[in-house]
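Notes for the structure review
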Amino acid sequence: MIIFPNAKINLGLQITGKRTDGYHTLETLFYPIPLEDALEILPNTHKGVGDIFSIAGTTPDCSLEENLVTKALSLMRKKTDIPPVKIALYKNIPMGAGMGGGSADAAFTLKLLRDMFAPRMEEDVLFEMALQLGADCPFFLYNKPCLGRGIGEKLTPLDDISLAGYHIAIVKPEISISTAEAFRGLKHIGKHSQPLSSLIRKPLPEWHGLISNDFEESLFPEYPRLKELKQLLYNQGAVYASMTGSGSALYGLFREKPVLAKKLFNDCFLWQTAL
């Protein structure tokens, strides 16, 4: 069976506090976008051979044991019997970008293994395993617009939030930012003047100047190219532009299909589509 794990963007990201265990609490709006990896899982019928795992495309910079797809398989094996499998992953979602590519791969692995080998498994068991793999993994089990609170795991689906009719452009320079680095440099932690849950209800053209990603304040001075790219998206006609998550990708939302001056983004991964 083959499925296509998709990326996400964050519509606003407010860091609201820090827990005693070191994790930060936040409020954000997770929104799925159709930038996809490809994941195929098949039973391995060759006797005496265990699991076979292959990766192509943008190869993750981690060992096989650290890959979230492998970890998802290990977690599922603790819950149900799974025979040796062949897993093929094609990576298209950029890494270190804040678009949840690894988390999506892990969540979709859980869903596909459940469908193949444990169709009666309860959803809450699946969510528990997803949370063990990463704070934003549970979102990809919903895979619809969700308000995220806590460390991102407290999800409230918002079916009335839609970017349908807009066009999106993603630009990601050759900069990768780890989650640890992003949180380490935070400038603002705590209550905001207006919660994101109320700001997100305003018309999208009003978001500019109202809805922000708190990581920009610390990462833009460290990586001036990110600030420059955000302004370039506005210069190219974006109604709203922002960094997504804690990574180095930025997105612009446009009323019509943008004709981007590619020479301005020649150091970037560049992707665009209608939503």
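Residues numbered from 1 in each chain as written. Predicted model: local features only at pLDDT ≥ 70, side-chain atom pairs only at ≥ 80, totals over all residues. Heavy atoms only, no water.

Tallying secondary structure elements over the protein gives eight helices and 12 strands in all. Taken over the C-alpha trace, the protein has a radius of gyration of 19 Å; the compact-globule value for 275 residues is 19 Å, and the two agree within 12%. Expressed as lengths along the three principal axes of its C-alpha atoms, the size of the protein is roughly 60 × 45 × 35 Å. Looking at the protein residue by residue over its 275 residues, the buried ones come to 52%. Considering only residue pairs separated by 6 or more positions, the protein has 74% of its internal contacts joining residues 24 or more positions apart. Entry remark: accessible area of the protein is about 13,000 Å², with carbon and sulfur atoms responsible for 51%. When the 29 basic and 30 acidic side-chain charges of the protein are each reduced to a single mean position, those positions are 2 Å apart. (Helix = DSSP H or I, 4+ residues; strand = E, 2+ residues; numbered from the N terminus. Rg over C-alpha atoms; globule rule 2.2 N^0.38 Å. Buried < 20%, exposed > 50% of the residue type's maximum accessible area, 1.4 Å probe, protein only. Contact = heavy atoms within 4.5 Å. Areas by Shrake-Rupley, 256 points an atom, 1.4 Å probe, with all protein chains shown as cover. Lys, Arg positive; Asp, Glu negative; His and termini not counted. Charge placed at Lys NZ, Arg CZ, Asp CG, Glu CD.)

Here the UniProt feature "binding site: ATP" (unreviewed entry) sits at Pro94, Met95, Gly96, Ala97, Gly98, Met99, Gly100, Gly101, Gly102, Ser103 and Ala104. Its relative accessible area of 12% is what places Pro94 among the buried residues. Among residues more than four places away in sequence, those in contact with Pro94 are Leu35, Met99, Lys172 and Phe269. Setting aside residues up to four positions removed in sequence, Ala97 forms contacts with Lys172, Thr244, Gly247, Ser248 and Ala249. (UniProt positions renumbered as here; feature names shortened; annotations may be inferred.)

A word on the environment of Lys111. Looking at the secondary structure, you find Lys111 in helix α2 (residues 101-117). Classification of Lys111 as buried rests on a relative accessible area of 19%. Distance in space between the C-alpha atoms of Lys111 and Leu147 is 21 Å, their sequence separation being 36 residues. Beyond its immediate stretch of four places on either side in the chain, Lys111 contacts Leu126, Phe140 and Leu141.

Two numbers describe how α2 lies on helix α3 (residues 123-133): the axes approach to 10 Å, and their chain directions differ by 150°. As far as their axial angle goes, α3 and α2 are roughly antiparallel. Note on packing geometry: the crossing formed by α2 with α3 is right-handed. Between α2, through Ala106, Leu110, Lys111 and Arg114, and α3, the contact on the second element is made entirely by Glu123, Leu126, Met129, Ala130 and Leu133. When its residues are assigned to classes, the contact of α2 with α3 shows six nonpolar, no polar and three charged. (Axes fitted to C-alpha atoms, helices over the stretch in contact; angles between N-to-C directions. Parallel < 35°, antiparallel > 145°, perpendicular 65-115°, else oblique. Left-handed = near helix turned anticlockwise from the far one by under 90°. Nonpolar A, V, L, I, M, F, W, Y, C, P; charged D, E, K, R; others polar.)

Relative to the elements of secondary structure, Leu232 occurs in helix α8 (residues 224-235). A C-alpha to C-alpha distance of 8.9 Å links Leu232 and Phe265, two positions 33 residues apart in sequence. Excluding residues that lie within four positions of it along the chain, Leu232 makes contacts with Arg225, Leu264 and Phe265.

Spatially, β1-β4-β6-β5 is the arrangement adopted by the four strands of the open sheet, whose pairing is mixed. A strand with exactly one partner marks an edge of an open sheet, and here the two such strands are β1 (2-3) and β5 (52-57). Here strand β4 (residues 38-43) pairs with strand β6 (residues 85-91) via six bridges, running antiparallel. Among the inter-strand pairings, Glu40 is bridged to a residue of β6, identified as Ala88. (Pairing = 2+ DSSP bridges.)

Quick look at the UniProt feature "domain: GHMP kinase N-terminal" (unreviewed entry) in the protein now. Within this structure's numbering, the places UniProt gives as "domain: GHMP kinase N-terminal" (unreviewed entry) are residues 67-143. The distance from the first to the last C-alpha atom of residues 67-143 is 21 Å, and the span holds 57% helix and 9% strand.

Turning our eyes to something else, we now look at helix α7 (residues 215-222). Among the residues of α7, those classed as buried are Phe215, Glu216, Ser218, Leu219 and Phe220. Elements that come into contact with the buried residues of α7 comprise β2 (6-18), α5 (179-184), α8, β10 (240-243) and β11 (250-254).

Grouped together as the largest cluster of nonpolar side chains are 55 residues, with contacts concentrated most on Ile9, Leu11, Ile33, Met99, Ile170 and Trp207. When residues of this core are assigned to domains, at least three fall in each of domain 1 (2-157) and domain 2 (167-274). Beyond its immediate stretch of four places on either side in the chain, Met99 contacts Ala7, Lys8, Ile33, Leu35, Ile93, Pro94, Phe140, Ile170, Thr244 and Ala249. Counting 31 residues, the second largest nonpolar core, distinct from the first, contains Phe30, Phe108, Cys137 and Leu155. (Core = buried A, V, L, I, M, F, W, Y, C linked by side-chain atoms within 4.5 Å. Domains from an automatic or database assignment.)

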